[in-house]
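For reference, the chains in residue letters:
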Amino acid sequence: MLPLLAPQLEIFKSKGVVVWGTGSSALAMMRFFSDFNLTECVRGFCDSFTKDNSNRTFCNLPLYSAAESAKLYPDAVYVVASNYFARIKKFVAESVSLKGLNLFCMSSDKNSPNYLVFIYSHLFLRHFSAKPSIICNYCEFFDHYTSVSEKMLEQSYDMLEDEESRAVLKGRIRFFQTGSIEILKSIPIYNGREYFGVFQNCLREDEIYLDCGTFNGDSVLSFLAACGSKYKGIYAFEPNLKSFTALSRMSEKRNIKNIQCFNYAVGEQEGLCCCVGEDAGCSVTQAGDDGDTVRQICLDSYCKIHPTFIKMDIEGGEADALRGGKRIIGEAHHLKCAICSYHSDDDEVVISNLLENYGMSCTTTEGYMWYPYCVKGRFPSDKLHRGIVRGEK
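Presented here is a report on the structure given in the accompanying data block.

Conventions and cut-offs
Residues numbered from 1 in each chain as written. Predicted model: local features only at pLDDT ≥ 70, side-chain atom pairs only at ≥ 80, totals over all residues. Heavy atoms only, no water. Pairing = 2+ DSSP bridges. Helix = DSSP H or I, 4+ residues; strand = E, 2+ residues; numbered from the N terminus. Axes fitted to C-alpha atoms, helices over the stretch in contact; angles between N-to-C directions. Right-handed = clockwise from strand over helix to strand, strands pointing away. Salt bridge = Lys/Arg side-chain N within 4 Å of Asp/Glu carboxyl O. Buried < 20%, exposed > 50% of the residue type's maximum accessible area, 1.4 Å probe, protein only. Contact = heavy atoms within 4.5 Å.

### Re the sheet that holds strand S7 (residues 208-212)
Then, in step 1: Reading across the sheet, the 7 strands line up as S9-S8-S7-S14-S15-S17-S16 and stay open at both edges, with mixed pairing between neighbours. Because the sheet does not close on itself, it has two edges, and the strands there are strand S9 (259-262) and strand S16 (361-364). Neighbour to neighbour, the strand axes of the sheet diverge by 15° on average, direction disregarded.
Then, in step 2: For S7 and strand S8 (residues 233-237), the ladder comprises 5 bridges, and the chain directions are parallel. Among the inter-strand pairings, Asp-211 is bridged to a residue of S8, identified as Ala-236.

Given below as C-alpha cells:
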C-alpha cells in the first residue's frame, strides 16, 4: 500500500526496533507495526525516566532504561515516539554510553520515510465522532472506510470549525480509502486559531492585552491587526525558550510599541515548573520532570496591571491559569477573554464555569475543532471540541 515505506520497513525488520517513549505516540506506533506485521520486530521500549533493572513492562514488552537498551540492542532502530524528540536527540548525542544509536525521529520532510511513518501512525490517534459526546469507531480500520455512511461524514464535516480541520478529515478518509501516498503527504497540520474576530469592532485604543502562551508572537500580530495597532500595552508570556527568543526578535524587528515579553509560564501558583515539548506543542509539567526549569507565575500575584483582554493557549493549563487570575478577572469592569478549550475533553465546561463564576458571560466558537490529540494527560480522545471559550463583561 505504501511503496515508499518498503525500504524502511525492511530496515525495521532486519535490525529490530526499540520504541523510545511510553505515551500515546508509542501506542500509535505499535499499531503501525501491527498493521505492517512487524510487531515481532519490536524488542521493547525505553524512556528517559526508567531506571536500570526496573523489571517494568509496556504493551506486554520489556521497558528498559536507555542505557540498558543500548547494551542489549546496540544495532536496533530506536523509533522516538515522543513529542520531545529534539531533547532526546540531544540527550543521546551528549551521552557516552548512547552515542551511535540509530535514532528514527519525526521529520518535516514530507518525502522522507520518517515523515510518512509518523504521520501514518498518528492518524490513528483519534477516531471521528458524528456527535461530540459520542464515540464512534467507524473510521478505525481501512476496510470500514469504504462503507461509512455519507450522511454521517457530512454531519461531521459540517460541525468542524475551520477549513483546515475539514481538509484534514477529507484527506484522512481519502487516504484510508485509496492508500494514495500523495494524499497522505498533503494532509495539513492544523494551526488556525480565532481569538479576536467577534471582538474586533469593540476593541478600544486603551486595550491592555495579556497573552498567555504567545509562542513566536503570531497571536500578538493577530491582535495588532484586529485593533489596528491602537492599544495601550501588551504583556506576553511564553515559557519555551526557543519560542520566547523568536517572540523577542519578532517584536524588536517589527518595532512593536509598549510590549513586554516574559519567559514565564502562567499557572495557579507561583513557583518552578518544567517546560517540555517542542515549539507550539510545548507544555508545562511539575518541577523535576524531564525538561527546562522555568519560573511559573500566577496572574493575581504577579500582575500589577488591569488587563482588558486576556488570551490563553497554554496546552491544557488554561483552567489552572484562570484560577490563578481569580482576583484580576473578578475585579475587572471591562474585560474580554479568549481561552482555548480543546486541550482536554472537559475544558469547555470547566473554563466556562470559572469565567461565569468571575462574573463573565460566555460563548464559544461556532463549530468544533478536530485536533490530533488531547494534550492534557497525553491521551488520545474521541471527542470533537469547541476551539475557544469567550468571556466578556
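Once the structure has been displayed, the description carries forward.
### A word on the pairing of S9
Then, in step 1: Bridging between S8 and S9 involves 4 bridges; their strand directions are parallel. If you follow Ile-234 over to S9, its bridge partner there is Ile-259.
Then, in step 2: Read from S8 through helix H11 (residues 241-253) to S9, the crossover connection turns out right-handed.

### A look at the pattern of salt bridges
Then, in step 1: Following the criterion strictly, the structure yields 6 salt bridges and no others.
Then, in step 2: Across the salt bridge formed by Lys-336 and Glu-207, the nearest N and O atoms sit 3.1 Å from each other. Of the two residues, Lys-336 is situated in strand S15 (residues 336-340) and Glu-207 in the loop between helix H9 (181-186) and S7; the sequence distance between them amounts to 129 residues. Assigned by exposure class, Lys-336 and Glu-207 land together as buried.

### Concerning the sheet that holds strand S4 (residues 61-65)
Then, in step 1: Taking strand neighbours across the sheet as the criterion, the 6 strands line up as S3-S4-S2-S1-S5-S6 in an open arrangement whose pairing is mixed. Both outer strands of the open sheet, strand S3 (56-58) and strand S6 (102-104), are each paired with one neighbouring strand and no more. Across the sheet, the mean angle from the axis of one strand to that of its neighbour is 35°, orientation sign disregarded.
Then, in step 2: Of the strands in this sheet, strand S1 (17-20), strand S2 (42-47), strand S5 (77-80) and S6 touch helix H1 (residues 6-15), which is tilted by about 120° from S5.
Then, in step 3: Against the sheet, helix H4 (residues 85-94) touches S1, S5 and S6, its axis set at about 120° to S1.

What is shown is where atoms sit, not what they do.
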